[in-house]
Every structure is written in C-alpha cells, then in structure tokens.
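Inside the fold
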Protein chains: 2
Amino acid sequence: MVRLLEILHGSRYYLDLIAWEIKANREMSSQEKLRDGLELTGNFADEDNWYIYEPIGNPNDMASDIIPDCQLTVPFDLYHCSMAPISLVILLVLSLLVKRKKLHPDFWKGVPGLLSPMNFLEETQNKGLAIAVFGILFSSLCVLLLDNDPLPFISNSSIQNREYWKMLALLYYPAFYYPLLACATVQHRVGYLLGCLLSWCHCVLYIWQKVECPQSPKIYRYYSLLSYLPIILCLAMLSLWYPMKLVESFKGDAKMATEKVPGSSYYEDYLKHILTKRIPKKSINGVKPRRLSSLQSYLRTFVYTPQKGFQIPLKLALSLAMAVIAVYQVALLLLASFIPNIQIVRAGMTKEMTALFVQFGIIPSKNPASIPGDKELATAKHYIWSLEVCFISSLVVSCMVTFCMLLKSMGNHRTNLRCLYRGAVEKVFYRSCKLQPSQQSLVCWMQFTGFQISFACLALLIQHIVFFICIVCFTFLIVVPLQSGSNMHLFKIVVNLWPFWLTLIVSFIAQNLLVHYYFLERDHLPRELTNRRAFYIVTYMFFPINVLLGLMAGIWRMVISALYNIVHFCQLDGSLLSHGVERFDPGYRTYCQYLKIEVSQSHPVMKAFCLLLLRWQSDQNMQTLQLRDAEEGIKLMKTTSSAPKASKGQQNRVRWCLAYTLINNPSLLPYRKGALVDATANGTKGSLTRP
Amino acid sequence: MVRLLEILHGSRYYLDLIAWEIKANREMSSQEKLRDGLELTGNFADEDNWYIYEPIGNPNDMASDIIPDCQLTVPFDLYHCSMAPISLVILLVLSLLVKRKKLHPDFWKGVPGLLSPMNFLEETQNKGLAIAVFGILFSSLCVLLLDNDPLPFISNSSIQNREYWKMLALLYYPAFYYPLLACATVQHRVGYLLGCLLSWCHCVLYIWQKVECPQSPKIYRYYSLLSYLPIILCLAMLSLWYPMKLVESFKGDAKMATEKVPGSSYYEDYLKHILTKRIPKKSINGVKPRRLSSLQSYLRTFVYTPQKGFQIPLKLALSLAMAVIAVYQVALLLLASFIPNIQIVRAGMTKEMTALFVQFGIIPSKNPASIPGDKELATAKHYIWSLEVCFISSLVVSCMVTFCMLLKSMGNHRTNLRCLYRGAVEKVFYRSCKLQPSQQSLVCWMQFTGFQISFACLALLIQHIVFFICIVCFTFLIVVPLQSGSNMHLFKIVVNLWPFWLTLIVSFIAQNLLVHYYFLERDHLPRELTNRRAFYIVTYMFFPINVLLGLMAGIWRMVISALYNIVHFCQLDGSLLSHGVERFDPGYRTYCQYLKIEVSQSHPVMKAFCLLLLRWQSDQNMQTLQLRDAEEGIKLMKTTSSAPKASKGQQNRVRWCLAYTLINNPSLLPYRKGALVDATANGTKGSLTRP
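No experiment lies behind these values; they were computed from the predicted model shown.

Brief notes about the overall build of chain A
In terms of regular secondary structure, chain A is built from 24 helices and two strands. The proportion of buried residues among the 691 residues of chain A is 47%. Counting only contacts in chain A whose residues sit at least 6 apart along the sequence, the fraction spanning at least 24 positions is 76%. Total accessible area on chain A stands at roughly 34,900 Å², and carbon and sulfur atoms take up 65% of it.

Some remarks on the interface of chain B and chain A
Opposite the 130 residues of chain B that make contact, chain A presents 131 residues. With both sides pooled, the region where chain B packs onto chain A buries about 12,200 Å², and carbon together with sulfur makes up 69% of that total. The tally of links from chain B across to chain A stands at two salt bridges. Residue Arg557(B) is joined to Asp585(A) by a salt bridge in which the shortest nitrogen-to-oxygen separation is 2.8 Å. Broken down by element, the residue count for the side of chain B that touches chain A peaks at 19 residues, all from helix α19 (residues 543–567) of chain B. Looking at side-chain class alone, the side of chain B that touches chain A contains 75 nonpolar, 35 polar and 20 charged residues.

What to know about the confidence of the model for chain A
Residues and elements named next belong to chain A. Of all residues in chain A, 76% have pLDDT values of 70 or greater, and the mean over the chain is 79. The secondary structure element of chain A with the lowest average pLDDT is helix α22 (residues 636–642), at 40, and the one with the highest is helix α19 (residues 543–567), at 95. Note that residues 23–64 has pLDDT below 50 and, in this model, 30 contacts with residues that lie over four places away or in other chains. Taken as a whole, residues 622–644 scores under 50 in pLDDT and shows 38 contacts with residues more than four places along the chain or in a different chain. In the model output, the complex is listed with pTM 0.81 alongside ipTM 0.81.

Quick word on the side chain of Thr402(B)
By the secondary structure assignment, Thr402(B) is in helix α13 (residues 374–422). The residues touching Thr402(B), leaving out its near neighbours within four places in the chain, are Val327(B), Ala456(B), Leu460(B), Gln463(B) and Cys570(B).

Regarding the pattern of salt bridges
Residues and elements named next belong to chain A. The full count for this structure, using the stated rule, is eight salt bridges over all chains. A salt bridge links Lys351 to Asp374; the shortest N-O distance between them is 3.1 Å. Here Lys351 is found in helix α12 (residues 351–359), whereas its partner Asp374 is found in helix α13 (residues 374–422), with 23 residues between them in sequence. Judged by relative accessible area, which is 30%, Lys351 ranks as partly exposed. Since its relative accessible area comes to 56%, Asp374 is described here as exposed.

Comments concerning the relation of the copies chain B and chain A
You can overlay chain B on chain A at an RMSD of 0.1 Å; the transform is a turn of 180 degrees with a shift of 0.0 Å along its axis. With respect to symmetry, the two chain copies, as superposed, fit the operation of a two-fold axis. It is Ser578(B) whose C-alpha, among those of chain B, lies nearest the rotation axis, at 2.3 Å. The residues that chain B uses at the interface reappear at the interface of chain A in 99% of cases, marking a shared surface.

Considering the packing of α13(B) against helix α20 (residues 586–601) of chain B
Residue and element names in this part refer to chain B. At their nearest, the axes of α13 and α20 sit 11 Å apart, and the two run at 50 degrees to each other. Taken as axis vectors, α13 and α20 run oblique relative to one another. Considering only the axes of α13 and α20, their crossing is right-handed. Every residue of α20 that contacts α13 at Asn412, His413, Asn416, Leu417, Leu420 and Tyr421 is listed here: Tyr591, Leu595, Glu598 and Val599.

Quick look at the state of the cysteines
Any covalent bond linking the sulfur atoms of two cysteines counts as a disulfide. In this structure the tally under the stated criterion is two disulfides over all chains. A sulfur-sulfur separation of 1.6 Å characterises the disulfide bridge that pairs Cys70(A) with Cys213(A). Between Cys70(A) and Cys213(A) the sulfur-sulfur dihedral comes to about -80 degrees; the bridge is accordingly left-handed. Residue Cys70(A) is located in the loop between α2 (30–42) and α3 (76–103), and its partner Cys213(A) is located in the loop between α6 (189–212) and α7 (223–251); the two are separated by 143 residues in the primary sequence. Overall, the relative accessible area of 30% leaves Cys70(A) in the partly exposed class. The thiol sulfur of Cys404(B) is not disulfide-bonded, and the nearest other cysteine sulfur, from Cys570(B), lies at 9.8 Å. On the accessibility criterion, Cys404(B) (34% relative accessible area) is partly exposed.

With respect to the packing of α19(A) against helix α4 (residues 127–146) of chain B
Packing of α19(A) against α4(B) brings their axes to within 10 Å, and their N-to-C directions diverge by 60 degrees. Between α19(A) and α4(B), the angle falls in the class oblique. The way α19(A) lies across α4(B) gives a crossing that is right-handed. Within the contact between the two elements, α19(A) uses Phe543(A), Pro544(A), Val547(A) and Leu548(A) and α4(B) uses Phe134(B), Leu137(B), Phe138(B), Leu141(B) and Leu145(B). Of the residues assigned to the contact of α19(A) with α4(B), the class counts are nine nonpolar, no polar and no charged.

Regarding helix α4 (residues 127–146) of chain A
The end-to-end C-alpha distance of α4(A), which contains 20 residues, comes to 29 Å, matching closely the 28 Å that a straight helix rising 1.5 Å per residue would cover. The buried count for α4(A) comes to 18 of 20 residues, which makes it a mostly enclosed element.

What about the environment of Cys657(A)?
Mapped onto the secondary structure, Cys657(A) falls in helix α23 (residues 648–664). Distance in space between the C-alpha atoms of Cys657(A) and Leu612(A) is 9.7 Å, their sequence separation being 45 residues.

Side note on unusual backbone geometry
Trans peptide bonds make up the majority, and among non-glycine residues the majority have a negative phi. Look at Tyr430(A): it is not a glycine, yet its phi comes out positive at around 60 degrees. By secondary structure assignment, the location of Tyr430(A) is in the loop between α14 (425–429) and α15 (439–484). By relative accessible area, Tyr430(A) is classed as partly exposed at 38%. At Asn531(B), a position not held by glycine, the phi torsion is positive, near 50 degrees. As for its placement among the helices and strands, Asn531(B) is situated in the loop between β2 (528–529) and α18 (532–541).

Some words on the environment of Ile219(B)
Counting through the fold element by element, Ile219(B) comes out in the loop between α6 (189–212) and α7 (223–251). For the pair formed by Ile219(B) and Asn341(B), sequence separation is 122 residues and the distance between their alpha carbons is 9.4 Å.

Procedures and definitions
- Residues numbered from 1 in each chain as written.
- Chains lettered and ligands numbered in written order.
- Predicted model: local features only at pLDDT ≥ 70, side-chain atom pairs only at ≥ 80, totals over all residues.
- Heavy atoms only, no water.
- Helix = DSSP H or I, 4+ residues; strand = E, 2+ residues; numbered from the N terminus.
- Buried < 20%, exposed > 50% of the residue type's maximum accessible area, 1.4 Å probe, protein only.
- Contact = heavy atoms within 4.5 Å.
- Areas by Shrake-Rupley, 256 points an atom, 1.4 Å probe, with all protein chains shown as cover.
- Buried area = accessible area lost by both parts, 1.4 Å probe.
- Salt bridge = Lys/Arg side-chain N within 4 Å of Asp/Glu carboxyl O.
- Nonpolar A, V, L, I, M, F, W, Y, C, P; charged D, E, K, R; others polar.
- pLDDT = per-residue confidence, 0-100.
- Least-squares fit on C-alpha atoms with pLDDT ≥ 70 in both.
- Axes fitted to C-alpha atoms, helices over the stretch in contact; angles between N-to-C directions.
- Parallel < 35°, antiparallel > 145°, perpendicular 65-115°, else oblique.
- Left-handed = near helix turned anticlockwise from the far one by under 90°.
- Disulfide = S-S within 2.5 Å.
- Expected span 1.5 Å × (residues − 1).

As structure tokens, then:
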C-alpha cells in the first residue's frame, strides 16, 4: 500500500517530463519531427539507450508552472520539537495535579497513571471532541503515508529507513495528539484551560504554515493544502469547543454536579422512553402496501432521522465520521493525481500524436495516411476532455454511493442495536449467541473504527474504477459514435444480432402467454396445471432457446452480484457472502463482535439502573463515595456492604425496579446470576456493570 | 454470443497466416530479415497498406499441416433430407395407430394429437432416455452456434441471413430429434421397434460421417470430431436402450402390466420408507464435534451418495447431466482454440521475435542491444510453454471446481426437496410461501434446465479466466523468478515492505495478548472486561495501525467474496446476493419457483396415494378405467362417483390412510380443501392431483 502510493507519487515525475517534452516539441516543425522520429526508430540497434529521455528545449518554458520554493518560518521540525515537550508537560501536570488529587487522594504516593483518552463505551456527550481528534489523527496518517519524511525529527532518510520511520510514526502521532483528548476527560477547568491553549497553538501554527506556503510540488500544487484542510477544520473545532467548556465550567458549577456522570440524561431518557405506554399503531394488516409506498420506504432507509430516546454509540458515530473524512482524502488523491496530468496532456496534444490515433482508427479521418489537420486535433482534444469528464463524473457517483451506503448503515446500526437491547439476538445474527466479552470480540471492538475507515476507502476506490470503466465504455461506444457518426461498432453488432434478440424476446413472451392462457387453470383458486402433454411439448421445443435465455440471465446474475458487492462493500453491517457462510466475511464478523461488546458493556437500561442506584446512595448523603467512580465501577458493592442498612420500603422499591427492568430486558438476565454468585463468593469484588 | 463465437472462429484464420509467415521467415537469414523489417518501418508513410499481409515464401511448406479436403458419401443435407421425412412418418404412424387406439377409442374420428415427448413431472425410470436425447439436442446446439450453415438445407447463406437460419434451426433440431423421445412414451412394442430403427439409422450415419472425415478446418482439426462425440455416445446409448426395451416387452407382458404407471414402485418405496419406524439416532448432544470430523462432513457434502427411498426428480437429473455435457463442450472449445495456436507460435519462435521480449525486459539478457542467442530463444520458448501449462492447469482446476459444485448442488437439491415434502417451507425459502402453480413458477420450471446449462457454461468460462490470470501471475511472479533468478520484482517489493508486514503482525499479536492477559477478567465465567482505562488507551494508540490492518482485511474481503461468487456461480440452489435480497438473483429465483412446481405437482406421497386408490379400484374389477389415465388424472373422480359403493370397512380403511398421510405430510393439507370444494361444486371435474 505504502509502496503503491509512492509509485503513484513517483509517476508525477515522468508525467512532468512528458509535459516538458510536449512543450519542447511544439517548437520543432512537424516535418523535422517526423524525420527525426523515423531516424530514431531506424537506428535503434546502434544506440543503446535511445529510449532514455534527454530533455530537448529550454526548461525555462515551464517557468510559469514551477512552484516557488518556499521557506517556512516555523518548519515542521521546529513545530514538533516545541509542541511535543509542551504536550508531555501538560499531560504530566494534569496527571499529577488533577487526577491524583481528585480521584485517589490516598494513592498520592503512588506512580501517577495515564489519563484515559476517552471513555469510548460510555461517553455520549463529547462526540464532537472525539471526532475532531480522530479526524486530525487520520488525516495525519494520510499525509504521513505519502510523505518522504514521515517522522518530523529525521529528515532526508534513505528509502530503506523510511519504512521504519513510517511505522514508528504510526505510534508517534497518536501520542502527539493525545493531550488534546486527555484535557477533556479530567472534566476540570484546569484541563479545559490547558486544552484551550494547546488547541490554539496547534491551530495557529498549522494555519500560519499553510498561509505562508500554500503550494507544494507533491502530486498537485494545492494537494497538500487540501489534504491538510480536515486537520485545520478539526483543530478549529477544538479551539472553539475548549473555550466553550471552560466558560461553562465557570458559569454553572451546580449544574455540572448533576451531570457529572457522562450521558446520565440520555440513559434516563432511554429508560423513560421504553417504559412509556405505547399508542398502538394503526393495524395495516390486510391492506397490501403499494409499490410506490414501498419504494418510498426503501428510499427512506437511506436517510438517517434521529429518533427520540436513542443515540448512536460513540464508537459508531466516530467510525462513520472517519469514513467520511477517508472518502474525502481518497477522492482528493484520485482527483489530484489524474486531472492535472491529463490536462497537461490535453494542452500539449500535437498533430503528430494525433496521427497515432488516426492510424489506430480511433479518430476518423478522410485520409489516414496524411498528416492530420486541425479537425482531427480538435477531435483528439475532445476525446481527452471526455475522458476527464468521465473521470470526474465517476468519482462524483462513487462518492455519492458511498455516502448513501454509510447513511443507510447508520439506520441499520440503530435497528440492530435496538433489537439486541430487546434481546432479539437471532434477529440480528441469524443464530443464537451469548452477548458477553471474549478475546475475539474485544479485539474486534478495538479494530472496528479502523476497519470501517479502510473499507470505505477501498469501496470508493473499487467503485471509482468500475464506474469509470463503465462510463468510459458508455461514452465511447454510445455517446461519441452518436455525436460523430463514426466508430459505430457496438451499433453494428447489435443490428447484426437482432434476430437473436427478437427470438429471445418473442420466445419469452410466447412462453408466458402460453402458460397464462393455456397451461394454468384459470377458473378457480388454487390454480392448477392443465394440458400437461402440450406443456411437456412446449418445454421440450423451447429447450434450445431457453439455454440462450439462460445465458442472458447468467450475465445478468454476474452483473447484479458484482454491482451489489461493489456498492455494499463499505457496509460492515451486511455480509457479502450468502446466507450460512456470513462468518467468513471479515467485515461482518468484526461488526457482529463489536455489537456484542457494545451491547454487553453499555446497555442503556443497565446504565440507567446503575445511575438510579448511585443517585439513591447519594441521597443517603454518602459523601465518601465519589460519583466519578461510576464509570470505573469499582466501589459500589464494597460501599453497599459497608453502608447503613436501607429501610424495608426502599429495599422493596429497588427490588421492584430490578424485576421490572429485567422483565423488559431479558438480555440482561444472564449477567444477574453471575454477579450474584460473585457477590456471595467475594463480597468486595462485585462490579457495577452487573446489576 | 453467436457473434463472439464467430470472431473466435475467425481468429483461427489470422493465426494460420502468422504461422505461415513464421515458417517462411525461418528461411531468410536473420540479417536480411532485420534490414527488411527496418525498411518496412522506415517507409510506412509511403506505402498505404503496408500492414496488410502478403504471404512471403512458398505456402507448400505448410503441406503437411493442411487438412485434406474430404467428400462425405452421405453429406449432412442428404442425411437430414432423408431422416426428417422418416421421423415425420414414424411420428404420424405412432400417433394414428398406437395412441388413438390405445387411449381414446371413442375419439377415433378426432384429429390425432401429438405424442407427449416425456412426462417430465412423473417419469422416474427413463432418465437415461431423456438425458440421451437432450444431450444430442444440446450438442447439436453447440455445433450449430459455430456453424456457417446452421440449417442443413440452406448452404452458403450470407452473413445477414445466417442469423435468421440459426434462430430457425433452434426450433428445427428439437423437432428433428422429437421421435427419438416419442417412440418410448407410447410404451408399446411398435414404438420400441420404430425407436430402435431410428436410433440405429442416426447412429450409423453419424459414425460413418466421422470415420470418413475425422478432420475439419474449423478451429482445430479434431475439434469437430470431439464436439460430435457426445452426440454419437448418446445415440449409441439409445441404440442399446430401445432394443433392450423391445426384448423386455416381448419377455414379460404380465410383469409390465403391474408397472404400467411409471415410477409406481418408487412412490410406494418412498411411502414405505417414511412410514417405517425410525431407530432413534445416538444422541450426540453435549459432545462437541471435532474439527476433523466437521471437515470430513463438509467434504462429504461434495459426494452425492444415493439414499434409500429417494430419487432425484427427472428434470433435476436432466439439468445436471446437461451441465456436465455443457462443461465438456466449453472446455473443448477453450482448449481447441488456444493450445494448437500457441503451439504454432512456440514452434515458430525466432531470434528476431525474442529480441522484442529482451527489449521489454521480459527475458533477461547480458547484452540487450545485440541479437539474442540460443539461450534467450530457449527461454522465450520455455515461457510460452509455461503459458500453455498454466492454461491447461487452470482449465483442469475450473472443470474440477464446476463438477464438485454440481455434485454438491445435487445434495442440496435432495435436502431441499425432502424439507419441502415435509412441509418445512421456511427452512428452504427463508420465508413462508404457498406451494402452488403460478404463471411465473411454470415459466421458471420450463426454463430451469436451460438456465442450469448456461450457468454451468458461464461459470466455467469465468472460473477459467480468473484462475488462468491467477496461475499466470503465480508462475511469472514467483515460480519463474525462483527458477531463473531474474525478474524478482515481487520479492523486492515484499522485502522493501517488510517493516510494514512486521508492524501489522506484531500489533495484531500484541492486541490479542493484551486482551487475553490484561483486559479480560480470567478468574470466573462469564468473562468480563477489566482495566478499562488502559483498554481505551490501547484502542486510541493502535488506531492508525488498525486502519492498515483494516486495509488488509478489506482486500481479503474483496478476494473472498469474489472467489466465493465465482466458485458458486454454477449453483442455482444458493443466491449470490446476501440475506434479504436473494430474490433479485435470477438463478436462485428460478430455482425456488422450479421447486414449487416440482413439489406441488409430483409429491411422492400424493402420487403413492393416487396409486393406492387406483389399485383399489382395479381390485374392484373396474376394467373400463384404464390405468394409463393415471398420469393425466382425468377420470378418477368421475368414475368414483359412478362406481358401486364401497363397503363400510374399505371406506374406513381409505379414510384412515388419508388421515395418516396428511398428518405425516402437512404440506398436502392446503390442497385437500380446494379439491373438496371443487368436488362438491362440479363433481365431474375434480382432478387426481388433489387427493
């Protein structure tokens, strides 16, 4: 992959050479050129390296195209050298001052631990933050893969070493941007303040660099600027988010206390929503849905409309947002590596080169042996322009398709999650399985975002290639011949084969009509086969034609299955393999395992139940228990056992709540028994995650 | 398709020209040739049509390769002109003398109807006959599509008209071979005698023709002979089958009477089999199947072993046999159109042509500019030989795969039919649906055989192309470089990228180990996620590497889904689309509709029940009712109503039989009510097919 991108990058050099040559050649008269070319061909046995290019003409002709060499005031080395220590210091300060003081005052003498980057299984409010930081990280990764100096401190590395540095850079960048996330998780105004400063620094430095040097020689002059755009936008978002949080933290201290457990309001909303009495939907049994309305409902699956009492989990939202950025980066790379180069070729098209096309019969000409005139040159340019249009339109179509499929998969995710929350496991996985963590499922959960991004990239690439080929075929076999009246090969074939098509259509209709009027008893229901002897005769007589019909059906089967797989490639929520062997599809398997963890670890009802328990304890003025521990689930059972005994009425209330919740959520049942066994075995070690 | 085959056919001409040229060129000294070639290139502007071939050298050199012109004693025209009227006469004689006399003596004055070619829904004994005649028909179709004179009576037709004649021939050939089938369906010794004579005539004439002229100039000298082989074999089979039946008819008149209703023994066997008490299988609950045994059971699905009390229906057996012939024909065509031509090219390889390969760097040479020596020529020939080997091995592999899949689908057909006979509709179609004839299902039933054949052809073609590309890549990127030590491009890329592979593997293992030992609570079941903060940090830090891992998974997803679809293309019993959209796959839809008709019209229990009823009636000495009417199901209800009343005991016995059958076959229930309603509404019009 990395190698491939390098090759792509390197090809720019050769294309520049071609462009130069084209420009230089323009100045030589066409007669001279032709003679020169023939001599070149004639003497190829004498000259060893005749095919190695030696520039002809003055390279200064290209002066206007050359990108000005640009010196950054703050180069990347300096930027990283200054920001990396600052980030490290911020991380240490936060760890020492905030976290230890706040969470574990008794652990003061211990070694300070790392801050959590984000509680991926719990957080439902700070989605913007996570998306912004992961967006920066992913865009850096895209820039990094194409870069010659992947690590900022080591410049001019050899090709051999470059691969090592690239792999090292894959770990450096996450660490470099780590404080941007960590500043928010401490949920303290010092953290917000430091986050503010850090994001402003990053943002200002990046913008400064890009304003100073907007152009770069890599791939396309503005490619670097455009590929940095998501980073700058994400940093700008962070630069606004942190100050906002800081202001909030000063404004409403009291308000924050109630919302200290992240997402508490959502979990309660969810619980309220599922406990409300439903107004029974109008029964539509017996009324057959119309074709139009079923089409409408199908189209509606592509539009994700938020529903009350349900939020997409953080990891899913993150994956889909990253997939969108990935699509942007891949589309940009494709566009920047093709369009400018083909424009150079089009601008430098000469009559000599047109002669080649004429010789091969691609461009029609009255006298193919003579040197082509302006008309042929214009046609050649028009053809190349058509190619450009095809490329851009196929890219647009494939981007649209990928976005639609991502939107559709959001709807599918919601449906699947709702089903699993209800305990309808077989409806989602088509087989029964236990929703509990295993090694495989945890690894898949970790990899899910990466997989979603890669699949979106690959899907865009494949779709673009296939659609490009299809559109080019359509253009040059149908549109261009219709415009110019030449190269009517396809039409000729179709016309020659018309008895074939006619036979197929007529025999298909004939078989249908015969069955409808002659072989199917039409008077009463259930319909019955009649006139059997004639039926067998028709079956026998139409056998050869049905083989040909089968060929058409086979081609259609091939096309539809290929198209289906290509279009649905970016969706992880469906298998590309057929029913029964779904588990061999790595994408679908990862998704299923991901769902298991998501449902078993952050079931909204379970969370809401834990919150209710915590609130009840805080009502009892148990100030020693910090609410922040809720997310770690460490101390609940211990404090419960040491807490003063609750009154009989309160106990009953809790038990009733439990029973009601369990009845409505049978998927929680298996966890209960295990937790109870644990609680009796070692009373202090129970965890909050098993109510 | 037809056009394509013609192009393929035409290409042989150009290749012959090339072969001639190669042979002629051998005689010119290489120095002369080089000069000649350069002059040709140098002067291409002067000579308009320099690229049009003019034969150099003496064509007599090819004398040994030229196919001797051969005159048939009985040409095809004469053969068809004589056999077609004979067939027609036989058909008329059979219709008039046998059928009318035997079935409807009261209809003697009516117009004689056509004989039924074969009772495709009922016949379970004469599978060999049907397969032989359809084999002849399909092989004729293959020959016909490549032929210049598709209809035997019209020779030297223009290209324009040829297409019409081809389409007309698609109806002529089934009619021409019709009597071969019809002679058997009358089930009378006159029919067998005529069938005997007819099949002997066909067989002797074909063998005579092929012995006289084994070679033909089309595609490959022995192609015509080999493509006629299935026809001759099928005719030979018929020539043995008819005499056997004739002898049987003379031998045991009494024996025949009991078996007059075709397949009666099978239906009774089936009924006996399902009514026998089952010995309960040893319960294997709790014992987990071993990996080896599950592999064994998977491999066993590819081997179709006949089971007692079940026979594959005629139409399915026919389709699979035809698919095998189709695979033979396509493989033969591919082999004959590639191997002889590439052998000609290999034999005619010269040093001048090797120079081209050397220039392009395909063949390694110490001095690429000089004229290549014997070593380079040998290398070039070795490369072309490798290409041949690749082609043959890919063809063998794809044939094997197609056969395996056809065998596997036979097993699937049996499983599906057994399920449907039991009434387990949802297990087969994944949704509930009524098993009764409809227009679509009848048309699909008619087309099923044609579809199966075409899908097998296309599957072989696609598999061959894909496997050929894969094997060629494997050979020239891995095997040949390892042999010769040159062109190590792939190895260089892999070596350059090894930090990348190492990172991926190490990070994958690291994530698994971390999850196993650190994030998964290992002490008790169900296992629980622990160390959440570290888990989130690892998730964040490994994000960029997981994107790269995702790329690999995405490529794997692409490969596995493409491979799966290609391998399973010939199977109609599975959809290539994923769960929920199966119905858009034309192959799978046809198969489902086919199953509906097969189950609703020839349910073995229903047939057995009808047979029991018929036998009971014949026991009552109702000689007026002919047993032969059973297959048409016309007169049963009428005769029942007019029959003398059965005793109370017999009625009870029949009712008990009915109840028992219906309990064991719930899928028959829906038919019962309809039949009863019909019977009361119009007593005379009930049909036997609804007991």
